[in-house]
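# Architecture at a glance
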Amino acid sequence: MKTGASCVEHPSSMPDKAFAAQLQSICEALNTSGENSGKWGGRLEALRQLEVFSRADMSNRRDFMMLMNTFVKVPLQKHIEEDRAALSNEACRVVTSLAKHCSNRRAWQAVSEWFIQPLLRVTVRKKKVFVDAAVETLCNLARTNSFGPRAFAELLRGCTAAHAATRSYTFSVLQLFIQQCKNNEGEFALSPYLGDVCRVLRSGLSDADAQTRRCARDCYWNFRSAEAEAAETLYNKLEAPVKRMLGQDRNRLTIEKMVPKIDRNPTTAATPASKLACGTDRASRHRRRNQEQWKPLRLRRTRKLRENPRQVGKPLRSVGPMHYLSLFPVLRGRSVYEACVGLWRLPISPA
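A quick note: this is a predicted structure, and the numbers were derived from the prediction, not measured. (Residues numbered from 1 in each chain as written. Predicted model: local features only at pLDDT ≥ 70, side-chain atom pairs only at ≥ 80, totals over all residues. Heavy atoms only, no water.)

The biggest cluster of nonpolar side chains holds 81 residues, and the ones touching the most others in it are L76, W108, L141, F147, F152, L174 and F223. With 9 residues, the top contributor of residues to this core is helix α8 (residues 128-143). Residues lining this core come from more than one domain, with at least three contributed by each of domain 1 (12-32 + 39-112) and domain 2 (147-259). Once you skip the residues sitting within four places of it in the chain, F147 turns out to touch Q109, I116, L138, L141, A142, F152, L155, V173, F177 and F188. (Core = buried A, V, L, I, M, F, W, Y, C linked by side-chain atoms within 4.5 Å. Buried < 20%, exposed > 50% of the residue type's maximum accessible area, 1.4 Å probe, protein only. Helix = DSSP H or I, 4+ residues; strand = E, 2+ residues; numbered from the N terminus. Domains from an automatic or database assignment. Contact = heavy atoms within 4.5 Å.)

This is the structure:
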């Protein structure tokens, strides 16, 4: 492998043919050194040289797509999922460097989809050093607007992955990317993918994993700030427990720009989310009505005596047989003795 100092230090000054030859030799070193797992130092050095080449804006080179597909794609994918942390982290740094220094964004967006799935597969590992490097690389891809249509589809596929850790991390990256799309209007339009985003959000909000649900709720509020109409349509299709958790979760968010403020003016028509947060929705009214209905009879009697003290010592008015049937829901939850005493004290009207 050619390791000339001038070639490695100044790849931007190399002609296209020499650049392609040097890139090929570096990637061949990544493949041949992999045959002996004990000698991984050569692969680490090759990855560092590849990072230097990535800083030279490879996207403006002639046949950039062909060079990446022929020489870089497979070795870099394998080293992202390498079991040795030094190699995996260095491969992640190469992807981050490509995302930051490629000026031809369309070409890089077409290439970036190759590395989404390997990075997502690393998030299921137990060692934190692998997971942190992979998640940070995905976040850098989101910050640099590196997701094209196919890469974005791979990201949405990760929101419904089999592993809970992958789903939670993917929702965090999706939240960051939605915020980035809102800040940089025109670079990536979410409008063609609103249906897919709503689908994965609805799945994440009802996920079995608590961390995934929390990340999905944070992602929902970002999505609501970017696409209010689509988010409102999604909200109306959610179940009542999910809506309640969204109402509780909005108080936890600290960035007010991400979440619309609750309208406290009673004359203004509130949104369903604000109704839920204020406790004026149908479920809250039904719950209060049930609490009023299940109060014991003696509490109702005490309240009646307080309102009219002249009723003290006087028996209750005579009631018909149908009134006893209406008492059974009220007597539910009391002991059998209390229920019998309550019925015994009520006189029966003559037929």
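Turning our attention to the packing of α8 against helix α10 (residues 164-183). Look at α8 against α10: their axes get within 8 Å of each other, and the N-to-C directions meet at 20 degrees. By the angle between their directions, the pair α8 and α10 is classed as roughly parallel. For the crossing formed where α8 meets α10, the hand is right-handed. Across the interface between the two elements, V131, V135, L138, C139, A142 and R143 from α8 touch Y169, V173, L176, F177 and Q180 from α10. (Axes fitted to C-alpha atoms, helices over the stretch in contact; angles between N-to-C directions. Parallel < 35°, antiparallel > 145°, perpendicular 65-115°, else oblique. Left-handed = near helix turned anticlockwise from the far one by under 90°.)

Considering all chains together, one arrives at 12 salt bridges under this definition. Residues R121 and E81 are paired through a salt bridge, measuring 3.0 Å at the closest nitrogen-oxygen approach. Residue R121 is found in helix α7 (residues 116-122), and its partner E81 is found in the loop between α4 (64-80) and α5 (85-101); the two are separated by 40 residues along the sequence. Given a relative accessible area of 28%, E81 falls into the partly exposed group. For E232, the salt bridge is made with R224, and the minimal N-O distance between the two is 2.9 Å. Across the pair, exposure class does not vary: E232 and R224 are buried alike. (Salt bridge = Lys/Arg side-chain N within 4 Å of Asp/Glu carboxyl O.)

Looking at the secondary structure, you find Q77 in helix α4. Sequence separation between Q77 and F115 is 38 residues; the distance between their C-alpha atoms is 6.3 Å. Those residues in contact with Q77 that lie beyond four places of it in its chain are W114, F115 and P118.

The next subject is helix α12 (residues 210-226). Compared with an ideal rise of 1.5 Å per residue, which puts 17 residues at 24 Å, α12 spans 25 Å between its outermost C-alpha atoms and is within 8% of the ideal. Within α12, 12 of the 17 residues are buried, which leaves it mostly tucked inside the rest of the structure. With a side-chain oxygen positioned 3.3 Å from the backbone nitrogen of Q211, the residue opening α12 is D209. (Expected span 1.5 Å × (residues − 1). Polar contact = N/O pair within 3.5 Å; in protein donor to acceptor, adjacent residues only side chain to side chain.)

Time to look at the packing of helix α3 (residues 41-54) against α4. Where α3 contacts α4, the axes come no closer than 12 Å and their chain directions differ by 120 degrees. One way to sum up the angle between α3 and α4 is to call them oblique. You can see that α3 and α4 cross each other, and the crossing is left-handed. On α4, the residues touching R43, L47 and L50 of α3 are V72, L76 and H79. Partitioning the contact of α3 with α4 into residue classes produces 4 nonpolar, 1 polar and 1 charged. (Nonpolar A, V, L, I, M, F, W, Y, C, P; charged D, E, K, R; others polar.)

The tally for this structure, following the rule as stated, stands at 7 aromatic pairs. Plain terms: the ring middles of W114 and F115 are 6.4 Å apart, the flat faces sit at 75 degrees to each other, and that makes the pair edge-to-face. Here W114 falls in the buried class, since its relative accessible area comes to 14%. Relative to F177, the ring of F152 lies with its centre 5.4 Å away and its plane at 40 degrees, an arrangement referred to as tilted. Of this pair, F152 sits in helix α9 (residues 149-158) while F177 sits in helix α10, and the two are 25 residues apart along the sequence. Classification of F152 as buried rests on a relative accessible area of 0%. Residue classification places F177 among the buried residues on the basis of a relative accessible area of 0%. Above the face of the F19 ring, R61 is positioned so that its terminal group lies 4.2 Å from the ring centre. Over the face of the ring belonging to F130 we find R125, whose NZ or CZ atom lies 4.8 Å from the ring centre. (Phe/Tyr/Trp six-rings, centres within 6.5 Å; stacked < 30°, edge-to-face > 60°. Lys NZ or Arg CZ within 6 Å of the ring centre and 35° of its normal.)

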